[in-house]
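Residue-level structure breakdown
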Amino acid sequence: AHANEEKRWVLSDFEVGKPLGRGKFGHVYLAREKRSNQIVALKVLFKSQLKQSQVEHQLRREVEIQSHLRHPNILRLYGYFYDQTRVYLILEYAAKGELYKELTRCKHFSERRSATYIASLARALIYLHGKHVIHRDIKPENLLIGVQGELKIADFGWSVHTFNRRRTMCGTLDYLPPEMVEKTEHDYHVDIWSLGILCYEFLYGVPPFEAKEHSETYRRIVKVDLKFPLKPFVSPAAKDLISQMLVKNSAHRLPLHKVLEHPWIVQNADPSG
Ligand SMILES: Nc1ncnc2c1ncn2[C@@H]1O[C@H](COP(=O)(O)OP(=O)(O)OP(=O)(O)O)[C@@H](O)[C@H]1O
Ligand SMILES: O=C(O)c1cc(-c2cccc(F)c2)nc2ccccc12
Ligand SMILES: [Mg+2]
């Protein structure tokens, strides 16, 4: 039998359940594939809205990339299909939902939980860079939590060797590194910067360069105006790691494999991820 990637899916293959959330182009539903009883997340995107936003080629490319990725901390795309009006993505179901909601609920994470997530993300990014996939929008709202509490990079913002990819400034600037805020070329070092931003936000509950006005955030990013509040207490080792990732010159940012060897990660990350 062919690998199930060649399988032609249709909506009647699934029993659709409760909505899991609303995205920009449609809803995501809990669903069960009838033959296998497999529980999945079915992301429904309206063709009209995809056309309107001129993202259909980007969606095809990202679906193509995503369907070939296999990593425990990257949300699986099992397949896709479409009908007259909609495109359906068959996704791994992340039973514990959005990391963002969890961070909001907890205010900030412990050093052990933060280090465990950062180690998982570093391993996922090493895997991605190995496949020449760079630049994930690894901000908290694109991170989901699996049934065992493991982190899953869920966003479809993958891009292969993108240079000069114009990023619509929709959403937050907080995660953009200096080279993206100042120019448009960027390479895989951007992911190390975003990982540093995330590490700070996990520990303090807010991103490091947050400001009321976009212009102020921009100024703080390009200046790398990094300040560590006195509260909550964060260990010097954690601050050291963050300071080695949030470096203006992208070539001087701590490489991902060095992140995994950093004492703060070694001492705090749960090896099972
Ligand atoms: N695989 C999944 N498992 C569980 N919940 C999910 C899953 N995918 C999406 N959701 C829920 O649905 C919401 C919207 O999904 P998603 O963020 O993918 O839509 P989107 O914002 O349009 O996509 P993108 O973030 O790529 O622009 C998510 O915030 C999350 O709450
Ligand atoms: O009618 C189509 O052929 C169609 C196919 C796809 C599509 C095909 C494969 C993968 C994927 F993610 C999307 N996206 C669309 C978006 C807007 C309008 C039409 C389409
Ligand atoms: Mg989203």
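Residues numbered from 1 in each chain as written. Chains lettered and ligands numbered in written order. Predicted model: local features only at pLDDT ≥ 70, side-chain atom pairs only at ≥ 80, totals over all residues. Heavy atoms only, no water.

1. Some remarks on the pattern of salt bridges
Tallied over the entire structure, the rule returns 13 salt bridges. We note a salt bridge from glutamate 98 to lysine 101, for which the minimum N-O separation is 3.0 Å. On the basis of relative accessibility, which here comes to 29%, the residue glutamate 98 falls in the partly exposed class. Two residues, aspartate 225 and arginine 220, come together in a salt bridge whose shortest N-O distance is 2.7 Å. By relative accessible area, aspartate 225 is classed as buried at 11%. Among the charged side chains, a salt-bridge network with shared partners connects Lys7, Asp13, Glu33 and Arg35. (Salt bridge = Lys/Arg side-chain N within 4 Å of Asp/Glu carboxyl O. Buried < 20%, exposed > 50% of the residue type's maximum accessible area, 1.4 Å probe, protein only.)

2. Concerning the site of ligand 2
Every residue near ligand 2 is listed here: Lys47, Leu50, Lys51, Glu56, Leu59, Arg60, Val63, Tyr80, Tyr82 and Val87. With respect to ligand 2, the side chain of lysine 47 contributes an N or O atom lying 2.7 Å from an oxygen atom. Those elements giving two or more residues to the shell around ligand 2 turn out to be helix 1 (47–52), helix 2 (56–67) and strand 4 (77–82). At 4 residues, the largest contribution of residues to the shell around ligand 2 is made by helix 2. In terms of residue class, the shell around ligand 2 is made up of 6 nonpolar, no polar and 4 charged. (Near = heavy atom within 4 Å. Polar contact = N/O pair within 3.5 Å; in protein donor to acceptor, adjacent residues only side chain to side chain. Helix = DSSP H or I, 4+ residues; strand = E, 2+ residues; numbered from the N terminus. Nonpolar A, V, L, I, M, F, W, Y, C, P; charged D, E, K, R; others polar.)

3. Here we look at unusual backbone geometry
Each neighbour pair has its own omega, and for lysine 231 with proline 232 the value is -10°, a cis peptide bond. Mapped onto the fold, proline 232 is located in the loop between helix 7 (214–223) and helix 8 (236–245).

4. Observations regarding the confidence of the model for the protein
Within the protein, residue pLDDT values average 89, and 90% of them lie at 70 or more. Confidence over residues 161–166 falls short of pLDDT 50; this stretch has 17 contacts with residues more than four positions distant or in other chains. (pLDDT = per-residue confidence, 0-100. Contact = heavy atoms within 4.5 Å.)

5. As for the site of ligand 1
Ligand 1 sits among 18 residues. The nearest are Lys24, Lys43, Glu92, Ala94 and Glu98. Here an oxygen atom of ligand 1 sits 2.6 Å away from a polar atom, N or O, in the main chain of lysine 24. Within the side chain of lysine 43, an N or O atom sits 2.7 Å from an oxygen atom of ligand 1. Within the complex, the protein chains bury 85% of what would otherwise be the 600 Å² of accessible surface of ligand 1. Elements with a minimum of two residues in the shell around ligand 1: strand 1 (14–22) and strand 3 (39–46). Across the shell around ligand 1, the residue classes tally to 9 nonpolar, 3 polar and 6 charged. (Areas by Shrake-Rupley, 256 points an atom, 1.4 Å probe, with all protein chains shown as cover.)

6. Some points on helix 8
Taken residue by residue, helix 8 has Ala238, Leu241, Ile242 and Met245 as its buried positions. Buried residues in helix 8, looked at end-on, bunch into an arc of 95°, giving them a common side. Contacts from the buried residues of helix 8 go to helix 4 (111–130), helix 6 (189–204), helix 9 (256–261) and helix 10 (263–268). (Arc of directions from axis to C-beta.)

7. A few points about helix 7
Given 3.6 residues per helical turn, the α-helix brings residues three or four places apart onto the same face. Within helix 7 the residues assigned to the buried category are Thr217, Arg220, Ile221 and Val222. Of the surrounding elements, those touching the buried residues of helix 7 are helix 5 (178–182) and helix 6. Looking at the residues trailing helix 7, positive phi occurs at valine 224, about 50°.

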